[in-house]
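In case you want the letters, here they are:
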Amino acid sequence: MKRPTIHDVAAKAGVSRGTVSRVLNGDRYVSTASQLAVERAIAETGYVVNRNARSLVTQRSGSVLLVLSDPHERLFEDPNYSVLFRTAAQRLGERDISLVLMMVADDAERQRVMRYVQGGHADGVFLVSTHAGDPLASALGDQVPVVAQGEVLGLKIPYAATDERMGGRQMTEYLVSRGRKKIATITGPMDTAAGSQRLEGYTDVLGRRASKKLIAHGDWSRSSGHRAMTELLSRAPDLDAVFVASDLMAAGALAALREAGRRVPEDVAVGGFDDSSVALSTHPPLTTIRQPLADIAQETVRLLLALIDGAGSVEPVILPTELIVREST
């Protein structure tokens, strides 16, 4: 069978080829009646856009690149990523834009991303989990529009994020209100905004009581939470609460506490951050700070689309957090 063309769609819809083209390119200046007629004709004819032909006309690839700057295994371990990817893909799909994922854990992978972008294969880049000092983030900004999920320390890249510092305060204030006297924390990586700002929220509340021996660092992984909790127990065996900067690390911390014979929450209260699916699967279920991950992804994509469409600049978006109380405190 002959592959249906844009001319077939126009004939079926009873409109001009130019009107079909405007509908396909998301032009706002198309009547609702014409829009519906073209969409119905596309469905009835089985027409599929030839992306190569479209790219020649629009000078766009029809794709957005999502760059995840974390070890590959983290993609499958951390449930937050599935929420971000699914939401971003759905939102971009509404504009018939494909989402392409590339992982960056070393220099070779950074170079591969640059070659991909310089080859004109992406109209914009969505950065996730980018660390301060990463040369890729600034280099990409010279090529295409770039936005980030979460602030990138040291770079003026548009971003959408939750109020990390306020979330750290909320959890620490709650633990204090529960009568906990010696509250430790396990941070995320200190070269990320989420890692450093959640720690700042903790120190805002505790002041001088936030001593170095009560602070241990993780890398967002479950194993790092286990390691950091073991370290804290050796330094401060009388601690009675811990604020862990992610639910996944908190799951590791809970395992370390069980191994040490500490009851949760009777001996040690544990609070996390994210309100991911992990928070409901731990024993006991985890008190945590909810960040609206789907909304953050939506806002990040909205900012990127605005830049792709020609907006000169966009302002960062910071969304509120919420304390979710469960049985671990």
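Not measured: the values here are computed from a predicted model.

### Some points on the pattern of salt bridges
Here's step 1: By the definition in use, this model includes 17 salt bridges.
Here's step 2: Notably, a salt bridge pairs Glu44 with Lys12, separated by 3.7 Å at the nearest N-O pair. Taken together, the residues Glu44 in helix α3 (residues 32-45) and Lys12 in helix α1 (residues 6-13) connect sequence positions 32 residues apart.
Here's step 3: Among the ionic pairs, Arg110 bridges to Asp107, the shortest N-O distance being 2.8 Å.

### Considerations on helix α6 (residues 79-93)
Here's step 1: Over its 15 residues, α6 extends 21 Å from the first C-alpha to the last, a length consistent with the 21 Å expected when each residue adds 1.5 Å.
Here's step 2: Among the residues of α6, those classed as buried are Pro79, Asn80, Tyr81, Leu84, Phe85, Thr87, Ala88 and Leu92.
Here's step 3: Of the residues that open α6, the one with a side-chain oxygen 2.9 Å from the backbone nitrogen of Asn80 is Asp78.

### Thoughts on the domain arrangement of the protein
Here's step 1: Along its sequence, the protein is organised into domain 1 (6-49), domain 2 (63-162 + 294-318) and domain 3 (164-290).
Here's step 2: Taking only C-alpha atoms into account, the centre of domain 2 sits 28 Å from that of domain 3.
Here's step 3: If you look at the interface, domain 2 gives 11 residues, while domain 3 gives 18 residues.
Here's step 4: Each partner contributes to the roughly 1,200 Å² buried at the junction of domain 2 and domain 3, and carbon and sulfur atoms together form 51% of this total.
Here's step 5: Counting the surface domain 2 buries against domain 3, the share from its top three residues, Glu77, Leu153 and Thr162, is 36%.
Here's step 6: Connecting domain 2 to domain 3 are 0 salt bridges.
Here's step 7: Those elements giving two or more residues to the side of domain 2 that touches domain 3 turn out to be α5 (72-77) and α6.
Here's step 8: Here the side of domain 2 that touches domain 3 is composed, by residue class, of 3 nonpolar, 4 polar and 4 charged.

Basis of the calculations
Residues numbered from 1 in each chain as written. Predicted model: local features only at pLDDT ≥ 70, side-chain atom pairs only at ≥ 80, totals over all residues. Heavy atoms only, no water. Salt bridge = Lys/Arg side-chain N within 4 Å of Asp/Glu carboxyl O. Helix = DSSP H or I, 4+ residues; strand = E, 2+ residues; numbered from the N terminus. Expected span 1.5 Å × (residues − 1). Buried < 20%, exposed > 50% of the residue type's maximum accessible area, 1.4 Å probe, protein only. Polar contact = N/O pair within 3.5 Å; in protein donor to acceptor, adjacent residues only side chain to side chain. Domains from an automatic or database assignment. Contact = heavy atoms within 4.5 Å. Buried area = accessible area lost by both parts, 1.4 Å probe. Nonpolar A, V, L, I, M, F, W, Y, C, P; charged D, E, K, R; others polar.

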